[in-house]
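# Structure at a glance
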Amino acid sequence: MRRQPGRDLVAGLTVAVVALPLALGFGVASGLGAAAGLATAIVAGALAAFFGGSNLQVSGPTGAMTVVLVPIVARYGPGGVLTVGLLAGVVLVALAFARAGRYVRYVPVPVVEGFTVGIAAVIFLQQVPAALGVPTPPGEKVVVVAGRALADFAGQPRWPALGLAVAVAGVLLAGARWRPTVPFSLVAVGLAALAARVLPLDVATVGELPTTLPAPSLAFLDPGAVPTLLTSALAVAALAALESLLSATVADGMTVNQRHDPDRELFGQGVANLVTPLFGGVPATAAIARTAVNVRSGARSRLAALTHAAALAVIMLVASPVVAYVPLAALAGVLLATAVRMVEVGSLAALARSTRSDALVMTLTALATLAFDLVVAVGIGLVLAGALAIRRIASVTRLEEVPLDVGDHRAEEAALLREHIVAYRVDGPLFFAAAHRFLLELADVADVRVVILRMSRVSTVDGTGATVLRDAVERLEHRGMLVLLSGVPRGLERTLDAIGLLGRLRTAGRLFPDTPEAIEAARAHLDRTGALVGPATAAGRPW
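The paragraphs below set out a description of the structure included in this document. Position numbers for residues count from 1 along each chain, tracking the sequence in the order it is written. Local features in this predicted model are restricted to residues of pLDDT 70 or higher, and side-chain atom pairs are both shown and tallied only at a pLDDT of 80 or more, whereas totals for entire chains, interfaces and linings draw on every residue. Side-chain metrics rest on all non-hydrogen atoms present in the structure, leaving aside hydrogens and water.

What follows deals with the packing of helix H7 (residues 159–178) against helix H8 (residues 184–198). Direction vectors running N to C along H7 and H8 enclose 155°, while the axes themselves pass 9 Å from each other. The angle between the axes of H7 and H8 places the two elements in the roughly antiparallel class. Judged by the sense of rotation from one axis to the other, the crossing of H7 with H8 is right-handed. On the side of H7, the interface is formed by Leu164, Val168, Val171, Leu172, Gly175, Ala176 and Trp178, while H8 contributes Phe184, Ser185, Ala188 and Ala192. For the contact of H7 with H8, a count of residues per class yields nine nonpolar, two polar and no charged. Angles shown run from 0 to 180 degrees and are taken between the N-to-C directions of axes, each axis being a line fitted to C-alpha atoms and, for helices, limited to the stretch in contact. Here a helix means four or more residues in a row that DSSP labels H or I, a strand means two or more in a row labelled E, and each is numbered from the N terminus. Geometric relationships in this document are graded by angle, where less than 35 degrees denotes roughly parallel, more than 145 denotes roughly antiparallel, 65 to 115 denotes roughly perpendicular, and other angles denote oblique. Each helix crossing is assigned a hand: it is left-handed if the near helix lies turned anticlockwise from the far helix by less than a right angle, otherwise right-handed if that turn is clockwise. We call two residues in contact whenever any of their non-hydrogen atoms come within 4.5 Å of each other. In this count, Pro and Cys sit with the nonpolar residues alongside Ala, Val, Leu, Ile, Met, Phe, Trp and Tyr, while Asp, Glu, Lys and Arg are called charged and the others, Gly among them, polar.

Pasting the structure below:
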């Protein structure tokens, strides 16, 4: 923090300017009000910066979290949201100590992209009532609520609100292309507040805000409601973990020498969500948009994020009367523009063209976000992506008959070797998805005395694959065949030992380090049993 404090201070002030209208807008959108959004940006922004695992991360209220909170507010009220935030903080701290941060790297890109598109659509639809200047109709599904708001607007149009929302969104979208470093959101919202004050316009405004943070309190906590709210808390914690770790990964990718600690990041977000509800704030997470602004503004340390929180606290202290005149429609315009900018059309098109399975996962994740909620959508995306990946992996597992190296044996003996000995090479992972096909293919082996299974190219084996391999060996043995294994990788020995296969074969002398030794053992077996008998059979001399 002491190396280049000037750059960090400037970056922090820049992020604060960008974050102010977003904090107010997301606070209003969550149902707890603009003051809750501002308190979240201050408290969570400072604590996550201090305790988190990224030097560049900026935390606060986000659109994704708002999507989850709206139905909680409708069902349990503001106290339920604060309780959920507190419980989510406990879960995040537990995940940090369980070292669960590393697993976010396994979330496929199509799931993340579909998740992002779904969030953008939900945020956009959530702002329709405020942008039209009508009260938010009842309902939990954003599509239904937006449709009812359009019907209300058609019955009694409120053009000033719609004009402000469209103007603010247009300024933000055009300004982002023209001068990305200029905080057009604050300029547009400031002009909208001035217009609402001077003209005056018949539009709803933010209203009076507190000039300081409230004293910390646990008065909202109802211990009896904790079991009921636990499922919602798990959803909020999962979303906070996913969005924060993805944001930290994005920040790392925008720099050269920055690397975040995923488990410490979970701990920082957990502490932030434990404390923020005490001050009336909503559950928080890292914000990709604000983090990106922070990096592009030249931030190099946590001082930038701490400065962002301090600047917002000063604004609450000295500028609350001015913020009170900000029209809700203007904040809706900010969030409408934010939703549009979240969708990277080029990235989506490239992913859709890559494979059909990726396009399917991305589309279904986005639709599930609209139809259900974010956590369910991510779960659906992960299950579908996993199923398609297993299908692709299983399709590359092959069981191939390979030619035996019979060396310079005479033609008659070579023919008998080929007739009585068959070698199969197993390629790829032998796990549950490929095991059934493996068993069926081995069951077709007929008219041979010795089967050699070459295992050197098996990349992995699970319990199902090991069990099927053991069953296949036993079935062949019951049919009077001798089964030999060669080249079993060391990494697979433990799994195959656990089901008793390797120990039995090793004791019987039927486990070999390579295939040539297995072939020699097969020849010796056929020699002992009298199978290798050539034209001199009448003289009783085996080959």
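Time to look at the side chain of serine 357. Considering the arrangement of structural elements, one finds serine 357 in helix H16 (residues 356–371). Buried, partly exposed and exposed residues are distinguished by accessible area as a fraction of the type maximum, computed with a 1.4 Å probe on protein chains only: under 20%, between the cut-offs, and over 50%, respectively. We classify serine 357 as buried; its relative accessible area is 15%. Contact partners of serine 357, with chain neighbours within four places excluded, come to Leu388 and Arg392.

This part takes up the packing of aromatic side chains. For this analysis, a ring pair means two rings from Phe, Tyr or Trp (six-membered ring only for Trp) whose centres lie within 6.5 Å, classed as stacked if their planes differ by under 30 degrees, edge-to-face if by over 60, and tilted for the remaining angles. This model, assessed by the stated rule, comprises five aromatic pairs. Summarising the aromatic geometry, the rings of phenylalanine 51 and phenylalanine 267 are spaced 6.2 Å apart at their centres and angled 75° between planes, so their arrangement reads as edge-to-face. On the criterion of sequence distance, the pair formed by phenylalanine 51 in helix H2 (residues 34–51) and phenylalanine 267 in helix H10 (residues 262–275) is long-range, its members being 216 residues apart. Relative accessible area serves as the criterion here: at 30%, phenylalanine 51 is assigned to the partly exposed category. For the ring pair phenylalanine 97 and phenylalanine 267, a centre distance of 6.1 Å and an interplane angle of 80° mean the geometry is edge-to-face. With phenylalanine 97 in helix H3 (residues 63–97) and phenylalanine 267 in helix H10, the pair connects residues that are 170 residues apart, well separated along the chain. For phenylalanine 267, a relative accessible area of 28% puts it in the partly exposed group.

Another aspect to go through is a nonpolar patch on the surface. Where nonpolar side chains cluster on the molecular surface, the patch consists of Val187, Leu191, Leu194, Val198 and Leu199 and spans about 490 Å² of accessible area. In this structure, leucine 191 sits in helix H8. Candidates for patches are residues over 30% relative accessible area with no salt bridge; among them, like charges are joined within 9 Å and nonpolar side chains (Val, Leu, Ile, Met, Phe, Trp, Tyr) within 5 Å. The accessible surface values rely on the Shrake-Rupley method and a 1.4 Å probe; as for residues, cover is taken only from the protein chains in view. Just to be clear on terms, a salt bridge is a Lys or Arg side-chain nitrogen sitting within 4 Å of an Asp or Glu carboxyl oxygen.

Turning next to the pattern of salt bridges. Opposite charge on two side chains lets them pair, provided their charged atoms get close. Counted according to the given criterion, the structure contains seven salt bridges. Here arginine 425 and aspartate 427 are joined by a salt bridge, their closest N and O atoms 3.4 Å apart. Of the two residues, arginine 425 and aspartate 427, neither departs from the other in class, the shared state being buried. The partner of glutamate 477 in a salt bridge is arginine 504, with the nearest N and O atoms 3.3 Å apart. Of the two residues, glutamate 477 is situated in helix H20 (residues 463–478) and arginine 504 in helix H22 (residues 501–507); the sequence distance between them amounts to 27 residues. Assessed through its relative accessible area of 22%, glutamate 477 is described here as partly exposed. On the basis of relative accessible area, arginine 504 is assigned to the partly exposed category, the value being 31%.

Turning our eyes to something else, we now look at the environment of alanine 235. Here alanine 235 lies in helix H9 (residues 226–253). By relative accessible area, which is 17% here, alanine 235 ends up buried. Expressed as a C-alpha distance, the spacing of alanine 235 and valine 375, which sit 140 residues apart in the sequence, is 5.9 Å.

The next subject is the side chain of aspartate 427. For aspartate 427, the position within the fold is in strand E4 (residues 421–430). Since its relative accessible area comes to 6%, aspartate 427 is described here as buried. In this structure the side chain of aspartate 427 is engaged in a polar contact, spanning 3.4 Å, whose partner is the side chain of arginine 425. Whenever two N or O atoms come within 3.5 Å, that pair is a polar contact, provided that in protein one can donate a hydrogen and the other can accept it, and provided that, for residues adjacent in sequence, both atoms are side-chain atoms.

With that out of the way, let us pick up the nonpolar core. Only buried residues count toward a nonpolar core, which is a set of Ala, Val, Leu, Ile, Met, Phe, Trp, Tyr and Cys residues joined through side-chain atoms within 4.5 Å. The biggest cluster of nonpolar side chains holds 89 residues, and the ones touching the most others in it are Val236 and Leu312. For this core, the element with the highest residue contribution is H3, accounting for 14 residues. Those residues in contact with valine 236 that sit more than four places away from it in its chain are Met65, Val68, Leu69, Ile72, Val84, Ala88 and Pro283. Counting 30 residues, the second largest nonpolar core, distinct from the first, contains Val426, Val448, Met481 and Leu485.

Let us look at unusual backbone geometry. Even without glycine at this site, arginine 99 takes up a positive phi of about 55°. Locating arginine 99 in the fold gives a position in the loop between H3 and helix H4 (109–126). The exposure class assigned to arginine 99 is partly exposed, which follows from its relative accessible area of 49%.

This part covers the environment of alanine 149. With respect to the helices, strands and loops of the structure, alanine 149 is situated in helix H6 (residues 142–155). Along the primary structure alanine 149 and proline 210 are separated by 61 residues, whereas in three dimensions their C-alpha atoms are 30 Å apart.

Here the focus is the environment of glycine 270. Within the fold, glycine 270 resides in helix H10. Sequence-distant contacts of glycine 270, that is, excluding residues within four places in its chain, are made with Gly89, Leu92 and Val93.

In this section: the pairing of strand E7 (residues 482–486). Consecutive residues of a regular strand have side chains that alternate between opposite faces of the sheet. Burial runs high along E7: five of the five residues are buried. Pairing analysis gives five bridges linking strand E5 (residues 450–454) to E7, with the strands arranged parallel. Counted as the bridge partner of valine 451 is valine 483 from E7. Pairs of strands are assigned from DSSP output, requiring at least two bridges between the strands. For E7 and strand E8 (residues 511–512), the ladder comprises two bridges, and the chain directions are parallel. Bridged to leucine 485 within E8 is leucine 511.

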